[in-house]
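Architecture and fold: a report
Spelled out from the first residue to the last, the chains are:
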Number of protein chains: 2
Amino acid sequence: MDPGGARVLAAGPHSPSLRMWASKAGISRYSVPPSISSRTWATMNETRGSSGSSSGSEGSKDSSRCSTPGLDPERHERLREKMRRRMEAGDKWFSLEFFPPRTAEGAANLLAMFDEMAAGGPLFIDVTWHPAGNPGSDKETSSMMIASTAVNYCGLETMLHMSCCQQSPEEITGHLNKAKQLGIKNILALRGDPTGDQWDAEDGAFDYATDMVKHIRREFGDYFDICVAGYPKGHPEAGSFEEDLRHLKEKVSAGADFIITQLFFEADTFLHFVKACKEIGITCPILPGIFPIQSYSSMRQLVKLSKLEVPQEIKDVIEPIKDNDAAICSYGIELAVNLCQELLASGVVPGLHFYTLNRKMATTMVLKRLGMWNEDPRRPLPWAISAHPKRREEDVRPIFWASRPKSYIYRTQDWNEFPNGRWGNSSSPAFGELKNYYLFYLKSKCPRQELLKMWGEELSSEESVFEVFERYLSGEPNQHGYKVTCLPWNDEPLAAETSLMKEQLLRVNRLGILTINSQPNVNGKPSSDPIVGWGPSGGYVFQKAYLEFFTSRETAQALLQVLKKYELRVNYHIVDVKGENITNAPELQPNAVTWGIFPGREIIQPTVVDPISFMFWKDEAFALWIEQWGKLYDEESPSRMIIRYIHDNYFLVNLVDNEFPQDNCLWQVVEDAFELLSRPAGRSREVEAP
Amino acid sequence: MDPGGARVLAAGPHSPSLRMWASKAGISRYSVPPSISSRTWATMNETRGSSGSSSGSEGSKDSSRCSTPGLDPERHERLREKMRRRMEAGDKWFSLEFFPPRTAEGAANLLAMFDEMAAGGPLFIDVTWHPAGNPGSDKETSSMMIASTAVNYCGLETMLHMSCCQQSPEEITGHLNKAKQLGIKNILALRGDPTGDQWDAEDGAFDYATDMVKHIRREFGDYFDICVAGYPKGHPEAGSFEEDLRHLKEKVSAGADFIITQLFFEADTFLHFVKACKEIGITCPILPGIFPIQSYSSMRQLVKLSKLEVPQEIKDVIEPIKDNDAAICSYGIELAVNLCQELLASGVVPGLHFYTLNRKMATTMVLKRLGMWNEDPRRPLPWAISAHPKRREEDVRPIFWASRPKSYIYRTQDWNEFPNGRWGNSSSPAFGELKNYYLFYLKSKCPRQELLKMWGEELSSEESVFEVFERYLSGEPNQHGYKVTCLPWNDEPLAAETSLMKEQLLRVNRLGILTINSQPNVNGKPSSDPIVGWGPSGGYVFQKAYLEFFTSRETAQALLQVLKKYELRVNYHIVDVKGENITNAPELQPNAVTWGIFPGREIIQPTVVDPISFMFWKDEAFALWIEQWGKLYDEESPSRMIIRYIHDNYFLVNLVDNEFPQDNCLWQVVEDAFELLSRPAGRSREVEAP
């Protein structure tokens, strides 16, 4: 329900008295243009079709008839609109700045940190531009790639820094085009520092950030939201504070949307700066840059770079404890909390910007102390959405990638349209190959030695594989004392709802039903439910029970026998690595297994079991046995052969219990299969059958 | 769940042993082509977009990703596929032949008969071609228009007869193009009888139906399903039975899909004919034309036209009772039942074709006696679907037209795409004007005198209008002894579910809440529920409670006060004739109010409350006061002024209770408003409010 209450949709001359009642009732209102009855649906659809294929349409406000009802209004807004909405609501935000890492392993760690820090609810993050590190390249550690990953895989509103110094306008346009292509919508336009000692402006190159702002607006119109840097004490190279302020005014007038300041140590520095900005006519949001001191060396380095003076009273505290990182960090947190509280109390600060130095602890602590770290367990959809503008309408995905959402995003990155409202059927969606994805996002996540400790230095039998699955679910350490914290089929930690079925899962894994994905049935729980809830408040969520596992040929055979009894209730797919799929899915249609009903909205059904996509998923699921697990062992080793045996002979099975209002019958299906397997008479009967 | 059971989706080399199990389990299978991984989603969408806009794509088998899951598999099939499916299943069908009426009133009656006879489940109906009645024109009584109405408004699979005699190929192509445009997919190709005594073949005109079949296939490819006529005793003009059979063989070879025979009186006539057809190599379905004798005169006429001889034993029975229509009809039914039973028992008859002569009784009786009149209360969707191929995917409609589906179809006939999966928001759909629609479909339905008897020769007050609404719901006769069987807002009889709320509806109408649309809330009833069920078996259906009514300004004002208390639960729209709409719909999004969950399928949500469409509906709903009711009275009469007063001053209100799992709160909302109105203190408090 809209918090603004009732609205008036005016489509003709108004009746003043009813408007008066609405007004009395404390009801806000707005008008939409009168309906255009001469335009046909057909024309509107044609318009949509053509604008959809031209580039640059992402920024337009036209939304098609098929758009997703605004489960999350911010999802469709650009950064400056989000800021406006928050300011109107008096809702303070924070943002987080990171720099690109130097190694692939560092990149994997930084992405993990993005996911962790996203939980606190930053309005956006930004990634600095490393002129020396080939920042616009496709290297996994480049500024461009890190920002793109934050947008696409972590679903974060992301701003990419870009400096113009020593680059031609063509190079900058190239970078901006690439950023746009990758889904980046916000740019922090900087001059940047020349690498040499002398500032030699090249012909045609930009001398100032102002030129760059103008260039972006000229070349890309209103597509990007643009931020510029502000210097609360004046830029060190500027002739005076006033001269620097005039430069800032120029940058804003050229088309910047908001300002982030350089770090500073005292609230008054910032408040004086904001006052001066206002006086000179700068009206856009100004975000203070907060730098929690985390160590003596990092502070010294940053202060040197920024040419700032550290106040004497801070120096007095820090110098005596300069070798005690913990003490400095704790003091830094204290200082930052006090500074932020003073800033927030002033009433002129809409949000706080943190220089994290790629560290989690200090910034998180400050935000928690301020009460701004907002771990809202509510999810707009049951899976984490991507922030690429072309995925704005996406609201249906196959369940198979539930634990590997980054793989799903990677494999669908070339799609131009994403399922919205329903998955649809009949056509075969094309999923990209996984090769390059492995190289970076997964391979670097967990070193080989750690995986061997978790999954076994040596495997002795199929049962030793069963045990790994069991330990993963139970959380208990294996015989060598190591916990199994991941499996090849899980990018993400175990979903909370998995715990609802832990006992059953443990039992069946022990017996060789190697589960890789599951969900319980849910019959209308509130959307606020801490475990299975998602979507706006006041709604109800539903699920059909789902179970997906690898199992031996023998067990698959027994299941197929047993499933005849459940023919009208359970949909199944049973497939081996060669791609034979036995299923009772009606006309190979998708089966919706998660859906939600919300006040004043259409139905949302974010997860489906799609028979066609399952054939792509099974290739990935089977390959993971060899690529992630088997290859840990020597080629001729027994361990490698056990994994290969499973890969070659096991079946991947998925089961859906369509009777969501009743008790989940899938456990009974599996028990029936076990029972059949354990019954000698039953097996001989089967052999005798024609 | 598919009755065929499990299937094998092969996407690679097969593992023979698992296939063997599937085979043991009595499981059928089929293969789909291996997935084309080089095609991207984007390309597929582009392909769809372009083919969708070119004409003639309706016949292609390409379905887009967004297609409706096959709630009703027959909906997507062409007639010959439906026949094949029925024959494979051993499921006998029947079809019904009608001729175009002579007057507009006759047309309205015939359409009503289509709706009634559709309830029995004909596989298709056909409409004869009246060369003398300008059959291809836009006249409401033309063959073309009657067939088009059957397709579009009655949702019937329809075949249009078309004769080639005395028409140029260009004229025929013109007719066929028009038929295609109107959604007609089946043609019965006839030579037709020359109107003069002499057969003068024009230059270039077709001499035989064979030429016409060839022409259709040449000009329209495989678009139409084509039927041709067969003569069990040989065509009267043919030289011999054998010569006529060779002509028939030619017609079939030229591209006809099935045969309907001329009427005959003895089963052996037909069986001999079928045997002869088989021997000459005709393999397509042959449907016997059944003519239940209904009166002496109609029999004489038909026999004369068809140049058939009535068997002596029939003459012997009929002649003595030729003036007793009832006796003849009863004898005719008996004869037809016997004939049909003999035909069905022969095992060579896939379906029966009835010459109804536009009368319901005899054919219905025969079908009921045969056990083939199949009044299946199960509905594929909660509203009656249209059979126009471009509406094949349609599965969402605004609830407002629930009792005026023909008006909805009329007003959206120019759309090229129809909402599927979800309604969507943000754009304003264009609804056509109603003017021409009134002229025919509604105006001729009920004569003015009857309406006056129902709705009052003279109205004395607003309360006398309230009473009309009340009588309509109660079914009790009014003070002059007439039942109120319809209201301007209802094309269709009262929905069965309305009876679930009859007491509450009666009470509120008595108090001036003039309800025109409502549904109770439903929290997961089986899809087979006789009152609220729809869709395939094994599913669950849901509804949010809905109430729509006209009410006075005073009551609307009280409601608005009361609704503040229900802000988080009830969505409302309150609008007057001038178009002011007060609503709390979030971002003017549609609200799904009917949806269903089915085994192995995506969610279906066939009914929404769409804020934008509501503004179009309110124009129609207000206009009906004047057009249908007010204009019954003289311009200056008090009755006319009362209706005009309501039209000018009342509000149209709709309410949705989002809490579908709880008891419907809308009655309480209305009671609270009544309570507020009856409380003098409350009203004065209101006036005092700022």
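Residues numbered from 1 in each chain as written. Chains lettered and ligands numbered in written order. Predicted model: local features only at pLDDT ≥ 70, side-chain atom pairs only at ≥ 80, totals over all residues. Heavy atoms only, no water.

What follows covers the overall build of chain A. Scanning chain A for helices and strands turns up 23 helices and 19 strands. In chain A, buried positions account for 59% of the 690 residues. Expressed as a percentage of contacts within chain A between residues at least 6 apart in sequence, the contacts between residues at least 24 apart total 73%. As presented, chain A carries roughly 28400 Å² of accessible surface, and 50% of it is formed by carbon and sulfur atoms. (Helix = DSSP H or I, 4+ residues; strand = E, 2+ residues; numbered from the N terminus. Buried < 20%, exposed > 50% of the residue type's maximum accessible area, 1.4 Å probe, protein only. Contact = heavy atoms within 4.5 Å. Areas by Shrake-Rupley, 256 points an atom, 1.4 Å probe, with all protein chains shown as cover.)

Looking now at the sheet that holds strand β4 (residues 158-163) of chain B. Residue and element names in this part refer to chain B. Pairing is parallel in the closed barrel, where eight strands are placed in the order β2-β3-β4-β5-β6-β7-β8-β9. The average undirected angle you get between the axes of adjacent strands in this sheet is 30°. Relative to strand β9 (residues 351-355), strand β8 (residues 286-290) is paired through two bridges, and the arrangement is parallel. What sits directly across from Ile 290, in β9, is Phe 354. Contacts from helix α3 (residues 79-89) reach β2 (93-98), β3 (124-127), β5 (186-190), β6 (225-230), β7 (258-263) and β8, with the element oriented near 145° to β2. (Pairing = 2+ DSSP bridges. Axes fitted to C-alpha atoms, helices over the stretch in contact; angles between N-to-C directions.)

All names here are of chain A. In the predicted model, chain A carries a mean pLDDT of 84, and 84% of its residues have values of at least 70. In this model residues 196-202 is a low-confidence stretch, pLDDT under 50, and it forms eight contacts with partners more than four residues away in sequence or in other chains. What the predictor reports for the complex is a pTM of 0.83 with an ipTM of 0.81. (pLDDT = per-residue confidence, 0-100.)

Our focus in this paragraph is the pattern of salt bridges. All names here are of chain A. Tallying each qualifying case throughout the model produces 68 salt bridges over all chains. In this structure, Glu 394 engages Arg 397 in a salt bridge whose closest nitrogen and oxygen atoms are separated by 3.0 Å. Each of Arg 78, Arg 80, Arg 217, Asp 222, Asp 225 and Asp 257 takes part in one network of salt bridges that share partners. (Salt bridge = Lys/Arg side-chain N within 4 Å of Asp/Glu carboxyl O.)

As for its placement among the helices and strands, Glu 88 of chain A is situated in helix α3 (residues 79-89). Sequence spacing of Glu 88 of chain A and Pro 350 of chain A is 262 residues, and the spatial spacing of their C-alpha atoms is 9.9 Å.

A separate point is the nonpolar core. The biggest cluster of nonpolar side chains holds 149 residues, and the ones touching the most others in it are Trp 489, Trp 625 and Trp 629 of chain A together with Trp 489, Trp 625 and Trp 629 of chain B. The contact partners of Trp 629 of chain A, leaving out residues within four places of it in the chain, are Trp 455, Leu 459, Val 465, Val 468, Phe 469, Pro 488, Trp 489, Leu 624 and Ile 643 of chain A. In this structure, Met 113, Cys 154, Ile 259 and Ile 290 of chain A belong to the second largest nonpolar core, which totals 74 residues. (Core = buried A, V, L, I, M, F, W, Y, C linked by side-chain atoms within 4.5 Å.)

All names here are of chain A. For the pair helix α8 (residues 241-253) and helix α9 (residues 267-280), the least separation of the axes is 10 Å and the interaxial angle reads 60°. Taken together, the axes of α8 and α9 lie oblique to each other. The way α8 lies across α9 gives a crossing that is right-handed. Between α8 and α9, the contacting residues are Phe 241, Leu 245, Arg 246, Leu 248 and Lys 249 on the first element and His 272, Phe 273, Ala 276, Cys 277 and Ile 280 on the second. (Parallel < 35°, antiparallel > 145°, perpendicular 65-115°, else oblique. Left-handed = near helix turned anticlockwise from the far one by under 90°.)

Residue and element names in this part refer to chain A. For helix α21 (residues 638-649), with twelve residues, the first-to-last C-alpha span of 16 Å sits near the 16 Å given by 1.5 Å per residue. All of the buried residues along α21 are Ser 639, Arg 640, Ile 642, Ile 643, Ile 646 and His 647. Seen from one end, α21 has its buried residues packed into an arc of 160°, which puts them on one side. Exposed side chains of α21 directed beyond 90 degrees from the buried face belong to Pro 638 and Met 641. Of the surrounding elements, those touching the buried residues of α21 are α17 (462-474) and α20 (611-629). (Expected span 1.5 Å × (residues − 1). Arc of directions from axis to C-beta.)

Here the focus is the packing of aromatic side chains. Applying the stated criterion across every chain, the model contains 65 aromatic pairs over all chains. Taking the centre distance of 4.9 Å and the plane angle of 90° together, the rings of Tyr 223 of chain A and Phe 224 of chain A count as edge-to-face. For Tyr 223 of chain A, a relative accessible area of 9% corresponds to the buried category. Aromatic pair Trp 534 of chain B and Phe 598 of chain B: ring centres 5.4 Å apart, planes at 65°, arrangement edge-to-face. Taken together, the positions of Trp 534 of chain B in the loop between β12 (522-526) and β13 (540-543) and Phe 598 of chain B in the loop between β17 (591-597) and β18 (604-609) put the pair 64 residues apart, joining distant regions of the chain. (Phe/Tyr/Trp six-rings, centres within 6.5 Å; stacked < 30°, edge-to-face > 60°.)

This part is about the environment of Ala 118 of chain A. Residues and elements named next belong to chain A. In this structure, Ala 118 sits in helix α4 (residues 104-118). Given the relative accessible area of 27%, Ala 118 is considered partly exposed. Placed 449 residues apart in sequence, Ala 118 and Glu 567 show a C-alpha to C-alpha distance of 43 Å.

Quick look at the pairing of β18 of chain B now. Residues and elements named next belong to chain B. Counting buried positions along β18 gives six out of six residues, so the element sits mostly inside the fold. Two strands pair when backbone bridges link them, and strand β10 (residues 397-398) and β18 are joined in this way by two bridges, in the parallel orientation. Within the sheet, the bridge partner assigned to Pro 398 lies in β18 and is Val 608. Bridge analysis of β17 against β18 gives four bridges, and the strand direction is antiparallel. What sits directly across from Asn 591, in β18, is Val 609. Turn length for the β17-β18 hairpin, with the two strands adjacent in sequence and antiparallel, is six residues, and the turn residue Gly 600 shows positive phi of about 65°.

Residue and element names in this part refer to chain B. In space, the five strands of this open sheet follow the order β10-β18-β17-β13-β12, with mixed pairing throughout. Here the strands that pair on one side only, and so sit at the sheet edges, are β10 and β12. Pairing geometry for β13 and β17, over four bridges, is antiparallel. Bridge pairing links Val 541 to Gly 596 in β17.

Okay, the side chain of Ser 148 of chain A next. Residues and elements named next belong to chain A. Examined against the element boundaries, Ser 148 turns out to sit in helix α5 (residues 143-152). The exposure class assigned to Ser 148 is buried, which follows from its relative accessible area of 7%. Beyond its immediate chain neighbours, meaning those up to four positions away, Ser 148 contacts Tyr 153, Leu 182 and Ile 184.

Below, the discussion takes up the pairing of β5 of chain B. Residues and elements named next belong to chain B. Of all five residues in β5, four are buried, a share of seventy percent or more. Sheet topology places β4 next to β5; five bridges connect them, and they run parallel. Considered in β5, the bridge of Met 159 is made with Asn 186. The handedness of the β4 to β5 crossover, carried by helix α6 (residues 169-181), is right-handed. One ladder, built from four bridges, connects β5 with β6; its direction is parallel. Bridge pairing in β6 links Ile 187 to Ile 226. (Right-handed = clockwise from strand over helix to strand, strands pointing away.)

Turning next to the packing of α9 of chain A against helix α12 (residues 325-346) of chain A. Residues and elements named next belong to chain A. Across the interface, α9 lies against α12 with an axial gap of 9 Å and an inter-helix angle of 30°. By the criterion of interaxial angle, the relationship of α9 to α12 is roughly parallel. Once α9 is placed against α12, the crossing between them reads as right-handed. From α9, Ala 267, Phe 270 and Leu 271 reach across to α12, where they touch Leu 339, Glu 342, Leu 343 and Ser 346. Per-class residue counts for the contact of α9 with α12 are five nonpolar, one polar and one charged. (Nonpolar A, V, L, I, M, F, W, Y, C, P; charged D, E, K, R; others polar.)

In most cases, non-glycine residues show a negative phi, while peptide bonds are predominantly trans. In the Ramachandran plot, Lys 307 of chain A falls in the positive-phi region, its phi being about 55° despite a non-glycine side chain. With respect to the secondary-structure elements, Lys 307 of chain A resides in the loop between α10 (296-306) and α11 (312-318). Of the residues examined, Lys 307 of chain A reaches a relative accessible area of 58% and is grouped as exposed. Residue Asn 134 of chain B is not a glycine yet carries a positive backbone phi of 50°.

An α-helical turn contains 3.6 residues, so any two residues separated by three or four positions project in the same direction. The buried count for helix α19 (residues 553-563) of chain B comes to eight of eleven residues, which makes it a mostly enclosed element. Restricting attention to buried positions, one finds in α19 of chain B the residues Thr 555, Ala 556, Gln 557, Ala 558, Leu 559, Leu 560, Val 562 and Leu 563 of chain B.

Now for the state of the cysteines. Residues and elements named next belong to chain B. Within the structure shown, the criterion is met by zero disulfides over all chains. The thiol of Cys 284 is not disulfide-bonded; the next cysteine sulfur, from Cys 277, is found 7.9 Å away. Cys 284 gets classed as buried once you look at its relative accessible area, which sits at 14%. (Disulfide = S-S within 2.5 Å.)

What follows deals with the environment of Ile 321 of chain B. All names here are of chain B. Note on placement: Ile 321 falls in the loop between α11 (312-318) and α12 (325-346). Taking the C-alpha atoms as reference points, Ile 321 and Tyr 331, ten residues apart in sequence, are found 10.0 Å from one another. The residues touching Ile 321, leaving out its near neighbours within four places in the chain, are Ala 327 and Ile 328.

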